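Residue-level listing of the chains:
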Amino acid sequence: VTLGFTGFSRGGAQATAGAADWMLAQAVNPGTTKPALVSLVTFGALAFGNERFIDSFAQMAASQRVDAWRVVAGDDAVPKHLTGEAWYGKVKYGHVGTPVYLLPDALGATGEVRIGASLTAEERDRLSKTNWHEVNRYADMLGVPDAKITDIVPPPTNPRLEPGNHKSPAPR
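The written sequence of each chain sets the order in which its residues are numbered from 1. The predicted origin of the model limits local features to residues at a pLDDT of at least 70 and limits the giving and counting of side-chain atom pairs to 80 or more, whereas totals for whole chains, interfaces and linings rest on all residues. Values shown for side chains rest on all heavy atoms present in the structure; no hydrogens or waters enter the calculation.

> What is the right way to read the packing of aromatic side chains from this model?
How two aromatic rings sit relative to each other is given by the distance of their centres and the angle of their planes. Each Phe, Tyr or Trp ring, with Trp reduced to its six-membered ring, pairs with another whose centre is within 6.5 Å; inter-plane angles below 30 degrees give stacked pairs, above 60 give edge-to-face pairs, and intermediate values give tilted ones. Applying the stated rule across the entire model yields five aromatic pairs. When the centroid spacing of 5.4 Å and the interplanar angle of 70 degrees are considered together, the rings of Phe8 and Tyr138 count as edge-to-face. Here Phe8, found in strand 1 (residues 2-8), pairs with Tyr138, found in helix 4 (residues 135-142); they are 130 residues apart in sequence, far enough to count as distant. Given the relative accessible area of 2%, Tyr138 is considered buried. Measuring from ring centre to ring centre gives 6.5 Å for Phe43 and Tyr138, while their planes differ by 85 degrees; the resulting arrangement is edge-to-face. Of this pair, Phe43 sits in strand 2 (residues 36-43) while Tyr138 sits in helix 4; the two residues are 95 residues apart in sequence, bridging distant segments of the chain. The positively charged end of Arg137 is found above the aromatic ring belonging to Trp132, 5.1 Å away from the centroid. In this description a helix means any DSSP run of H or I spanning at least four residues, a strand means any run of E spanning at least two, and both kinds are numbered starting from the N terminus. Residue exposure (1.4 Å probe, protein chains only): buried if accessible area is under 20% of the type maximum, exposed if over 50%, otherwise partly exposed. Counting as a charge over the ring demands two things of the Lys NZ or Arg CZ atom: a distance within 6 Å of the ring centre and an angle within 35 degrees of the ring normal.

See the structure below:
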């Protein structure tokens, strides 16, 4: 059995913390933390961790063979929050993992997947006019079929809330 952490936005930062905690437990007590962590994949994640954290995470991930990826759609602004880019060069927090940029084609579908290389200034300018930080935009660009939670789990029923069954409390 293997384990992977994933999350979107703040959940991506939380997944990063969880993966780091899991790897640290494995490093401190080798062989006792089951199952083995194999991956961290974040989508539009907030920056999490200072330079020391990022270096430690990279060392643990390499020694434990954990793949870490951070997916960014277009020029999503949220992953830039709390970073040096957002704080005028004063580095506050950073990201772990290999960046994967999803660049749209003219119709908004994923036209290019770029691994490792950042966006150019021209691409940032062209893409900055769109709000990229929506889970559905990420899902669309990754080709995830549309689904609503009610398609999977029917909503609970409450007979008291059906039309004609609701009784208001008597006035005092």
